[in-house]
Amino acid sequence: MQILTRFIPLLITGIAGLVMIISAFIPYTSEWGQKAGQFFNILAAFAFVLGGGNLLKVHLKKISDQSVGWGYSGVVLICFIATLFVGLFKIGAYPNPNFPNVPFSGETQGTGSWFWWAYEYVFKPLTATMFSILAFYVASAAFRAFRAKNFEAILLLGTAFIILLGSVSAGVFVTNWIPNDGPFGDLRLENLRIYIMQVFNTAGTRAIMIGIALGIASTSLKIMLGIDRSFLGSGD
Amino acid sequence: MMNFLNTLDRRWIFLAMALCVGVPILVIGLTGYTFPETPTPLAEAFFNEVDTAGEAKGRRANILVALDFDPASAGELNPMAVSLVHQCAQKGHRMYFISLWPVGPQMIMESVDKVIKRHYPEMVYGEDYVNLGFKAGNEQVIKVMGIDLTTEFRTDVEGTTLSKIPMMQGITNLEDFDLIAEISAGYPGSKEWVLYAATQYNIPFVSGMTGVQAPQLYPYFPNQLQGLLGAIKGAAEYEFLVNNWVREDAMAKVLEAGGFPESKAMETAAALASKPQQVSTWTVTAEASTLGPEAKTKLIELATAPIPGEYLEGQRRMGPQLFAHLLMVFLIILGNVIFFAQRRRGGGA
């Protein structure tokens, strides 16, 4: 069993990682990378099935255990199964005009289909609402947590003001008296915003990005060489 | 008073935010008023890159339009997508739509319906634009497309084999595109396109993205990312540029048909489009004497014709954005006033 649960997964990981690295540097082997990519994409499609199965397992268990909030799990399962059903069987979809007599030839997401209806009138407003709620929490957090407690906080606060005002026409209005093409044109809020984003932000982001890239390289090597085995699901 | 503010129920803040967002939406909806936008160099770069795509090759440009977002961020990104399709359609570019997000095809359909089907009905599916739909696999899809696009996409979204689609002839991999234009809400998105397509194959790349994503992409501008639109502000600036250019382009065509030399027509159209309220006055000047009455009427029509609502969404959304930002600034100042007042009294924050 150790061969199936340990050795083979580690071997696949090592070989796949090595192939991807080699194919990036040696043009002759670029096709190997393409093949590995195709394998990955097929697996990614399977991941949707696996994800669906996992969703069923988790929520069915919650319902059977009657744990706290099990009713919500019921809602999730009903919505999941209903969407899957109307999508797979193309309920209400108009037939494809090129093949009007062929069953299931219509477009799943075509206007008027049940799938389209669920997307347009359920999924779309719900996700947009969830995202919109952020504005309310950000406002509340800004009122309670954004304090000028020390020098660093004052810098952060000043930057926030410039970005907030420079991103809307208020920024233009406030510093409109500074000629844009004059020697102090860069001090206009909308120009200061761009300067902060392109200079200070870029410098900071680049440093973080380089750090992350080095971290990814070292972690990837550890995984490929079998030193880090946490992805196998054990405590090793 | 300070005690009341310090223990302020957060529902009052929620109500203030609701009013700051809701009232401008209603007012703008009723009056149609939008705030003036001054395009930044970033939006201008985005616009110019789309405008000049394919010019060096002397043919219609092939633009890969990747819409990698979902309804959660559509409020911010849809105006960008609509303006992008609007500019490409007006310019006559060929558009190849794809998405790395599962609900991306719906975003594609929305942009196609709003722009192409409504305003450019003469454009033919399969010849002027094609929808390749969604593919699972994140950045791996980009990597495979870089080598062989047909391995990844065998059919379009309607199930038609790519070899039967006229505009797919001669398209084998990413290098056959003159520009990649992408609208992104996260992963996979702009960064993956920069890393695995634009940099690797040296393909011009422009991207519009959410406000939270933009700071991470600034380091790539302008070498690996030639144009960048950040949040609704970027969308509004780009929308303003596209609308202005479309009007300018239509006016230049009228002037050229009226006997103006090409360069003079473009120069005059640019001046007229920037001040549309002065067009009727201009038509009675000596400069316009060579134009016939029909051309003059057409010019006045172009100057006074209202811009369709779907092309103003970005600029309209800047209204709620303005008041929401002002509220945020006010709340931060108020919070700090309370903080310092308490500190003076010797209380903790």
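Residues numbered from 1 in each chain as written. Chains lettered and ligands numbered in written order. Predicted model: local features only at pLDDT ≥ 70, side-chain atom pairs only at ≥ 80, totals over all residues. Heavy atoms only, no water.

**Student:** Can you tell me about the overall build of chain A, naming the residues and giving the values?
**Tutor:** Check the secondary structure of chain A and you find seven helices and zero strands. Starting at the N terminus, the α and β elements of chain A follow one another as α-α-α-α-α-α-α. For 236 residues, the compact-globule estimate of 2.2 N^0.38 gives 18 Å, and the C-alpha radius of gyration of chain A, at 27 Å, exceeds that figure by more than 25%. Viewed in the frame of its principal axes, chain A has a C-alpha envelope of about 70 × 50 × 50 Å. Counting every position in chain A, which comprises 236 residues, the buried fraction comes to 28%. Of all intrachain contacts in chain A linking residues separated by at least 6 positions in sequence, the fraction that spans at least 24 positions is 30%. Summed over all atoms, the accessible surface of chain A reaches about 16,000 Å², with 74% contributed by carbon and sulfur. Taking the average location of the 15 positive side-chain charges in chain A and that of its 10 negative ones, the two points are 9 Å from each other. (Helix = DSSP H or I, 4+ residues; strand = E, 2+ residues; numbered from the N terminus. Rg over C-alpha atoms; globule rule 2.2 N^0.38 Å. Buried < 20%, exposed > 50% of the residue type's maximum accessible area, 1.4 Å probe, protein only. Contact = heavy atoms within 4.5 Å. Areas by Shrake-Rupley, 256 points an atom, 1.4 Å probe, with all protein chains shown as cover. Lys, Arg positive; Asp, Glu negative; His and termini not counted. Charge placed at Lys NZ, Arg CZ, Asp CG, Glu CD.)

**Student:** Lay out the environment of Ala-45 of chain B with the relevant residues and their values.
**Tutor:** Residues and elements named next belong to chain B. If you trace the backbone, Ala-45 turns up in helix H3 (residues 41-52). For the pair Ala-45 and Tyr-238, spaced 193 residues apart in the sequence, the C-alpha separation amounts to 9.7 Å. Residues in contact with Ala-45, not counting those within four places in the same chain, are Phe-221, Gln-226 and Gly-227.

**Student:** Provide a residue-level description of the pairing of strand E2 (residues 94-99) of chain B, including the pertinent values.
**Tutor:** The two faces of the sheet receive side chains in turn, since in a regular strand these alternate between them. All names here are of chain B. When you tally the buried positions in E2, you get five out of six residues, the bulk of the element. By the bridge criterion, five bridges tie strand E1 (residues 62-68) to E2 in an arrangement that is parallel. Each residue of the ladder has a partner; that of Leu-64, found in E2, is Tyr-96. Between the parallel pair E1 and E2, the chain is carried across by helix H4 (residues 74-91), and the sense of this crossover is right-handed. Where E2 lies against strand E3 (residues 129-134), four bridges are found, and the strand directions are parallel. (Pairing = 2+ DSSP bridges. Right-handed = clockwise from strand over helix to strand, strands pointing away.)

**Student:** Which residues make up unusual backbone geometry, and what values do they have?
**Tutor:** Residues and elements named next belong to chain B. In this structure, the amide linkage connecting Tyr-187 to the following residue, Pro-188, adopts the cis form with an omega of -10°. Among the secondary structure elements, Pro-188 is positioned in the loop between strand E4 (179-184) and helix H8 (190-201). A cis amide bond, omega 5°, links Phe-221 with the succeeding residue Pro-222. Position of Pro-222 among the secondary structure elements: in the loop between helix H9 (214-217) and strand E6 (227-230).

**Student:** Which residues make up the nonpolar core, and what values do they have?
**Tutor:** All names here are of chain B. One finds Met-95, Leu-174 and Trp-193 to be the most contacted residues of the largest nonpolar core, which totals 114 residues. Those residues in contact with Met-95 that sit more than four places away from it in its chain are Ile-63, Val-65, Val-85, Cys-88, Ala-89, Ile-116, Met-123, Asp-128, Tyr-129, Val-130 and Met-167. Among the nonpolar cores identified, the runner-up in size contains 17 residues, and Met-251, Ala-273, Val-279 and Leu-302 belong to it. (Core = buried A, V, L, I, M, F, W, Y, C linked by side-chain atoms within 4.5 Å.)

**Student:** For the pattern of salt bridges, give the residues involved together with the corresponding values.
**Tutor:** Summed over the entire model, instances satisfying the criterion amount to 18 salt bridges over all chains. Between Asp-249 of chain B and Lys-253 of chain B there is a salt bridge; the shortest N-O distance is 3.2 Å. With Asp-249 of chain B and Lys-253 of chain B both in helix H10 (residues 231-257), this residue pair falls four residues apart, about one helical turn. Taking the relative accessible area as the measure of exposure, Lys-253 of chain B reaches 48% and is therefore partly exposed. Where salt bridges share partners, they join Glu-120 and Lys-124 of chain A together with Glu-110 and Lys-114 of chain B into one cluster. (Salt bridge = Lys/Arg side-chain N within 4 Å of Asp/Glu carboxyl O.)

**Student:** Break down the pairing of E4 of chain B for me, with residues and values.
**Tutor:** Residues and elements named next belong to chain B. Counting buried positions along E4 gives six out of six residues, so the element sits mostly inside the fold. Alternating residues of E4 divide into Leu-179, Ala-181 and Ile-183 and Ile-180, Glu-182 and Ser-184, and every residue in both groups is buried. One ladder, built from six bridges, connects E1 with E4; its direction is parallel. Bridged to Asp-68 within E4 is Ser-184. Across five bridges, E4 lies against strand E5 (residues 205-209) in parallel orientation. By the bridge assignment, Glu-182 is partnered in E5 with Ser-207.

**Student:** Can you break down the domain arrangement of chain A residue by residue, with the values?
**Tutor:** All names here are of chain A. Partitioning chain A into structural domains gives domain 1 (1-62) and domain 2 (146-236). Between the C-alpha centres of domain 1 and domain 2 there is a distance of 34 Å. Tallying the contact residues gives nine residues for domain 1 and eight residues for domain 2. Where domain 1 abuts domain 2, roughly 670 Å² becomes buried across the two surfaces, and 74% of that area is made up of carbon and sulfur atoms. Among the residues of domain 1 in contact with domain 2, Arg-6, Leu-10 and Thr-13 are the three that bury the most area, contributing 69% of the side total. Across the contact surface, domain 1 and domain 2 share zero salt bridges. The interface formed by domain 1 and domain 2 holds zero residue pairs in polar contact (both at pLDDT 80 or more) in total. (Domains from an automatic or database assignment. Buried area = accessible area lost by both parts, 1.4 Å probe. Polar contact = N/O pair within 3.5 Å; in protein donor to acceptor, adjacent residues only side chain to side chain.)

**Student:** Got a sec to walk through the packing of H3 of chain B against H4 of chain B? Specific residues and values, please.
**Tutor:** Residue and element names in this part refer to chain B. Relative orientation of the contacting elements H3 and H4 amounts to 30°, with a least axis distance of 10 Å. Taken as a pair, H3 and H4 cross one another with a handedness that is right-handed. Residues Phe-46, Phe-47, Val-50 and Asp-51 of H3 touch H4, and the partners they reach there are Leu-84, Gln-87, Cys-88 and Lys-91. Grouping the constituent residues of the contact of H3 with H4 by class yields five nonpolar, one polar and two charged. (Axes fitted to C-alpha atoms, helices over the stretch in contact; angles between N-to-C directions. Left-handed = near helix turned anticlockwise from the far one by under 90°. Nonpolar A, V, L, I, M, F, W, Y, C, P; charged D, E, K, R; others polar.)

**Student:** Could you give an account of the side chain of Ser-184 of chain B, with specific residues and numbers?
**Tutor:** All names here are of chain B. The residue Ser-184 is located in strand E4 in this model. Side-chain polar atoms of Ser-184 contact the backbone nitrogen of Ser-190, separated by 3.2 Å. At 2.7 Å, the side chain of Ser-184 forms a polar contact with the side chain of Gln-213. If we skip the residues at most four places from it in the chain, Ser-184 touches Asp-68, Leu-77, Gly-189, Ser-190, Ser-207, Gly-208, Met-209, Thr-210 and Gln-213.

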